[in-house]
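# Coordinate analysis (summary)
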Amino acid sequence: MRMLKPVLFALVLLAASSAAFAEEGGLPDANTSIADQASLQRGAKLFFNYCVGCHSLKYLRYSRMADDLGLTERQVTDELDFTGAKFGEPVLSAMPAADAEKWFGKAPPDLSLEVRAKGADWVSAYLHSFYLDPARPVGWNNTVFPNASMPFPLWELQGVQVAEMAPAKPGEDATVEKLTLKQPGSMTPQQYDQAIRDLTSFLQYASE
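Residues numbered from 1 in each chain as written. Predicted model: local features only at pLDDT ≥ 70, side-chain atom pairs only at ≥ 80, totals over all residues. Heavy atoms only, no water.

### Things to note about the side chain of Ser 201
Mapped onto the fold, Ser 201 is located in helix H9 (residues 189-207). For Ser 201, a relative accessible area of 1% puts it in the buried group. A polar side-chain atom of Ser 201 sits 3.2 Å from the main-chain amide nitrogen of Ser 33. In this view, Ser 201 contacts Thr 32, Ser 33, Ile 34, Ser 39 and Leu 40; residues no more than four positions away in its chain are not counted. (Helix = DSSP H or I, 4+ residues; strand = E, 2+ residues; numbered from the N terminus. Buried < 20%, exposed > 50% of the residue type's maximum accessible area, 1.4 Å probe, protein only. Polar contact = N/O pair within 3.5 Å; in protein donor to acceptor, adjacent residues only side chain to side chain. Contact = heavy atoms within 4.5 Å.)

Below, the structure is given as structure tokens:
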């Protein structure tokens, strides 16, 4: 996706929620920027290739995204719109709600306000923290959001992580001590960090 004419963004509430989570929960800094148009373009490409099959952005229209990210209607149609939506329509997943409930137990949430609700640091940490767990219905678990019903759509990029468990205390469940990359993905850890920074930045832009 080539870089086009830059536009100015309103930087309202840019880091408020991220800073709060970093202070309260000790999550690593997501280091996002909604002023970096190239990063937002890459993040949009990741979202539409890996996330929109399950998740919507119902408060964001394709046409508005094109204006903000410096994209043409043709680029959006050819590279991002995989649901057949019209250019002026909102970003909605094509997954039927009934099927989603059958497969995952409930319909995947709309992500329009996800970063505003939970913070960029939380979203970034969540996307770094999936690991194999055969005991879970979808085969995956997450240290940031334990027992999440979501499968891990980015495993081919990050690779496959496994959990090393800390010894359980009497009367308590075992906890994850650390995650280890068992099978490398198509990206190096540094490349995956950048990809998640781009994706989280795009979701932050959607929330703002």
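### Description of the packing of helix H2 (residues 37-50) against helix H3 (residues 62-69)
Direction vectors running N to C along H2 and H3 enclose 150 degrees, while the axes themselves pass 10 Å from each other. Classified by the angle between their axes, H2 and H3 sit roughly antiparallel to one another. Mapping the contact onto sequence places Gln 37, Leu 40, Gln 41, Ala 44 and Phe 48 in H2 and Tyr 62, Met 65, Asp 68 and Leu 69 in H3. Residues that form the contact of H2 with H3 fall into these classes: 6 nonpolar, 2 polar and 1 charged. (Axes fitted to C-alpha atoms, helices over the stretch in contact; angles between N-to-C directions. Parallel < 35°, antiparallel > 145°, perpendicular 65-115°, else oblique. Nonpolar A, V, L, I, M, F, W, Y, C, P; charged D, E, K, R; others polar.)

### So, unusual backbone geometry
Non-glycine residue Asn 31 carries a positive phi angle of around 55 degrees. With respect to the helices and strands, Asn 31 occurs in the loop between helix H1 (16-25) and H2. Judged by its relative accessible area of 48%, Asn 31 is partly exposed. Despite not being glycine, Asn 147 shows a phi value in the positive range, around 65 degrees.

### Observations concerning the side chain of Asn 141
In this structure, Asn 141 sits in strand E4 (residues 140-142). Relative accessible area serves as the criterion here: at 5%, Asn 141 is assigned to the buried category. Side-chain polar atoms of Asn 141 contact the backbone nitrogen of Asn 147, separated by 2.7 Å. Dropping the residues within four chain positions of it, Asn 141 is found in contact with Ser 129, Phe 130, Tyr 131, Asp 133, Arg 136, Pro 146, Asn 147 and Ala 148.

### Concerning helix H7 (residues 120-128)
With 8 of 9 residues buried, H7 is to be regarded as a mostly interior element. Every buried residue belonging to H7 is among Ala 120, Asp 121, Trp 122, Val 123, Ser 124, Ala 125, Tyr 126 and Leu 127, and all of these are buried.

### Let's talk about the environment of Ala 107
Residue placement: Ala 107 occurs in the loop between helix H5 (97-104) and helix H6 (114-118). Taking the C-alpha atoms as reference points, Ala 107 and Pro 96, 11 residues apart in sequence, are found 8.7 Å from one another.

### Some remarks on the packing of aromatic side chains
In the structure shown here, the tally under the stated rule is 11 aromatic pairs. Geometrically, the ring pair formed by Phe 48 and Tyr 62 is tilted, given 5.8 Å between the ring centres and 35 degrees between the ring planes. A residue pair is termed long-range when its members are at least 10 positions apart, and Phe 48 in helix H2 and Tyr 62 in helix H3 qualify at 14 residues. For the pair Phe 48 and Tyr 62, one class covers both residues: buried. (Phe/Tyr/Trp six-rings, centres within 6.5 Å; stacked < 30°, edge-to-face > 60°.)

### Some thoughts on the environment of Gly 84
Residue position: Gly 84 is located in the loop between helix H4 (73-79) and strand E2 (90-91). Overall, Gly 84 belongs to the exposed group, its relative accessible area being 65%. Separated by 10 residues in the primary sequence, Gly 84 and Ala 94 place their C-alpha atoms 9.1 Å from one another.

### Some details on the confidence of the model for the protein
Looking at the protein as a whole, the pLDDT averages 87, with 87% of positions reaching at least 70. Here residues 1-25 is modelled with pLDDT under 50, and outside its nearest four sequence neighbours on either side it reaches 55 contacts, counting other chains as well. (pLDDT = per-residue confidence, 0-100.)

### Structural notes on the state of the cysteines
In the structure shown here, the tally under the stated rule is 0 disulfides. Cys 51 takes part in no disulfide bond, and the closest cysteine sulfur, belonging to Cys 54, lies 8.6 Å away. Taking relative accessible area as the criterion, Cys 54 reaches 28% and is therefore assigned partly exposed. (Disulfide = S-S within 2.5 Å.)

### Focus: H2
Here H2 is 14 residues long and its end C-alpha atoms lie 20 Å apart, about the 20 Å a rise of 1.5 Å per residue gives. For H2, the full list of buried residues reads Gln 37, Ser 39, Leu 40, Gln 41, Gly 43, Ala 44, Leu 46, Phe 47 and Phe 48. Each element contacted by the buried residues of H2 is listed here: strand E1 (57-61), H3, E2, helix H8 (155-158) and H9. The backbone nitrogen of Ala 38 lies 3.3 Å from a side-chain oxygen of the residue at the head of H2, namely Asp 36. (Expected span 1.5 Å × (residues − 1).)

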